[in-house]
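# Observations on the three-dimensional arrangement
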Amino acid sequence: AVLDMWRCYCKHHGDCEVVIEPDDFLKTEEYPSQYLGGPTWTRRYGKSWNRWYALRRHLDSFEWVMSVDPDQFMSRPCFGNVSLSSLLPDRKESMPITIFRDFPAIHTLNSAAVFLRGGEAARLFLDLMFEKTHYSGHLDFDQSVWDVTVLE
């Protein structure tokens, strides 16, 4: 249902395209993993990294790419009135490579919905993220690595 909402949103505004990468980019055992305690120890794999692999794959295909968590969708008031591309900086201006929302009240950045501008700077940003894929101590896999990379 969420994918259909995004497709409908793009069709309505005519300035975006939904690209889905349904397959894993790595073998399960190649993803970063954590052991979760409790009555039994379970291993959790960081397949949330797939969104960054997909974003990197399509970085050169669009002026801007957006990665969105599966639980993110347009609210009813925004759906018909706000085109996300209208919020992006004009090419003539000095442009950032990434646009995202932060939550200063809880002292974290948020990668639930992220824009990256295609080009070498964005590719470098993603390379910096990917080099931390298997660092220990990142509790939220890609979210924690996102935070660290933005701060760098």
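Residues numbered from 1 in each chain as written. Predicted model: local features only at pLDDT ≥ 70, side-chain atom pairs only at ≥ 80, totals over all residues. Heavy atoms only, no water.

The next thing to look at is the pairing of strand β1 (residues 33-36). Sheet topology places β1 next to strand β2 (residues 42-45); four bridges connect them, and they run antiparallel. Pairing of Q34 across the sheet is with R44, part of β2. Linking two consecutive strands that pair antiparallel, namely β1 and β2, is a turn of five residues; a positive phi of about 140° is found at G38 within it. (Pairing = 2+ DSSP bridges. Helix = DSSP H or I, 4+ residues; strand = E, 2+ residues; numbered from the N terminus.)

What follows covers the state of the cysteines. This structure, assessed with the given rule, holds one disulfide. With a sulfur-sulfur separation of 2.2 Å, C10 is cross-linked through a disulfide to C16. Because the sign of the S-S torsion sets the handedness, a value of about -120° for the bond joining C10 and C16 places this disulfide among the left-handed ones. The class for C10 is buried, based on a relative accessible area of 8%. Free of any disulfide, C8 has its nearest cysteine sulfur in C10, 9.5 Å distant. (Disulfide = S-S within 2.5 Å. Buried < 20%, exposed > 50% of the residue type's maximum accessible area, 1.4 Å probe, protein only.)

Attention now goes to the packing of aromatic side chains. Inspection of the entire model under this criterion finds eight aromatic pairs. Judged by centre distance (5.6 Å) and plane angle (40°), the ring pair of W49 and F130 falls under tilted. Here the residue W49 occupies a position in the loop between β2 and α2 (50-58), and F130 occupies one in helix α4 (residues 120-130), the gap between them amounting to 81 residues. The class for W49 is buried, based on a relative accessible area of 0%. Overall, F130 belongs to the buried group, its relative accessible area being 13%. Relative to F115, the ring of W64 lies with its centre 6.2 Å away and its plane at 90°, an arrangement referred to as edge-to-face. Taken as a pair, W64 in strand β3 (residues 64-68) and F115 in strand β5 (residues 108-117) lie far apart in primary sequence, 51 residues in all. Across this residue pair, the class does not change: W64 and F115 are buried. (Phe/Tyr/Trp six-rings, centres within 6.5 Å; stacked < 30°, edge-to-face > 60°.)

A word on the environment of F130. Sequence spacing of F130 and T149 is 19 residues, and the spatial spacing of their C-alpha atoms is 9.6 Å. Residue contacts for F130: discarding those within four places in its chain leaves W49, W52, Y53 and R56. (Contact = heavy atoms within 4.5 Å.)

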